[in-house]
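# Structural overview
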Amino acid sequence: MADSVEEKKFCLTEVLDVFKSCLTENKEVLVDQYVAGWRGLVKFMNSLGSIFSFISKDAVSKIQIMINHRNGNNGAEYVTIQSMVKYELDNKLVDLTKSGNFPESGCRTILRLHRALRWLELFLERLRTSTEDGKTSVMCADAYNESLAHHHSWLIRAAAGMAFCTLPGRSTFFEVMNVGPPEQVVAMLGDALPLISEVYQITEDLYTEYNLLNLP
Ligand SMILES: CCCCCCCCCCCCC/C=C/[C@@H](O)[C@H](COP(=O)(O)O)NC(=O)CCCCCCCCCCCCCCC
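Below: a short report on this structure. (Residues numbered from 1 in each chain as written. Predicted model: local features only at pLDDT ≥ 70, side-chain atom pairs only at ≥ 80, totals over all residues. Heavy atoms only, no water.)

## As for the overall build of the protein chain
When helices and strands are tallied, the protein chain shows 10 helices and 0 strands. Helices and strands appear in the protein chain in the N-to-C order α-α-α-α-α-α-α-α-α-α. Over its C-alpha atoms the protein chain spans a radius of gyration of 17 Å, differing by no more than 12% from the 17 Å that the globule rule assigns to 216 residues. Principal-axis analysis of the C-alpha atoms places the extent of the protein chain at approximately 50 × 40 × 30 Å. (Helix = DSSP H or I, 4+ residues; strand = E, 2+ residues; numbered from the N terminus. Rg over C-alpha atoms; globule rule 2.2 N^0.38 Å.)

See below:
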């Protein structure tokens, strides 16, 4: 699924649709779709310029870790985030308090992407409700400061802040999304956001239940 997203001309609607397909009927989060959603977003970010490549590199390495889990001998245990959490905890495959033998556990890797999903949710909501003269760089920075920044060192925060300043204005940004006229972008965001929020909340509740929100 991720490959087909990469081969066609980029369209953000399709990427967000992939995220929407993450949820199963009984509200579990499918790892393949979750990861494919991130791959599409990273592709979008790459099209915004090479200044984002340090972010892209980190995201790609986390995506690859999850693909490796899915392709590994125990891939079936990683079908959903719920099954992954249970499997890794039952088999003591997670560093719970300090970094140790499992720097690439699915639980810690998904946690990093999960925190980034909160940034995405906040950023898209700001884009959705912005006016024509709204600044994407400010929307992006505000969303970041409210979410991911809390988990990053000052060096990463500084680098991210510089990258945000290079974001194009709202109208160019909307064009790169390749969704259609601004009204259509706004409608598409309004349609996608509730599902992204739901995926975020389900993961947040799961990680809270198992006390995994601060994995090193
Ligand atoms: C459109 C502009 C895109 C701005 C992206 C905002 C997110 C800023 C994240 C900055 C991350 C910097 C890179 C390094 C991070 C790591 O230190 C850190 C911790 O990892 P560790 O515990 O293994 O060491 N990693 C993370 O927090 C994971 C970051 C994952 C970032 C994924 C970002 C994908 C962005 C996709 C943008 C799509 C925008 C679509 C809008 C219409």
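## Thoughts on the layout of surface pockets
The volume enclosed by the largest pocket comes to roughly 810 Å³. For the largest pocket, the lining is made up of 33 residues, of which Met 45, Ile 55, Ala 116, Trp 119 and Leu 148 are closest to its centre. Elements with a contribution of two residues or more to the lining of the largest pocket: helix H2 (12–20), helix H3 (31–46), helix H4 (53–71), helix H6 (106–129), helix H7 (136–146) and helix H8 (154–165). Here the residues of the lining of the largest pocket are counted per class, giving 26 nonpolar, 2 polar and 5 charged. (1 Å grid on protein atoms, 1.4 Å probe; cavity = no way out; pocket = protein on both sides within 12 Å on 5 of 7 lines; lining within 4 Å. Points joined across faces, edges and corners; volume = space filled by probe spheres on them. Nonpolar A, V, L, I, M, F, W, Y, C, P; charged D, E, K, R; others polar.)

## Looking at the packing of H2 against helix H10 (residues 182–209)
At a closest axis distance of 9 Å, the pairing of H2 and H10 adopts a crossing angle of 30°. In terms of orientation, H2 lies roughly parallel with respect to H10. Between H2 and H10 lies a crossing whose hand is left-handed. Here H2 contributes Leu 12, Thr 13, Leu 16, Phe 19 and Lys 20 to the contact with H10, which in turn contributes Met 188, Leu 189, Asp 191, Ala 192, Leu 195, Ile 196 and Val 199. Residues of the contact of H2 with H10, tallied by class, amount to 9 nonpolar, 1 polar and 2 charged. (Axes fitted to C-alpha atoms, helices over the stretch in contact; angles between N-to-C directions. Parallel < 35°, antiparallel > 145°, perpendicular 65-115°, else oblique. Left-handed = near helix turned anticlockwise from the far one by under 90°. Contact = heavy atoms within 4.5 Å.)

Structural measurements only, silent on function.
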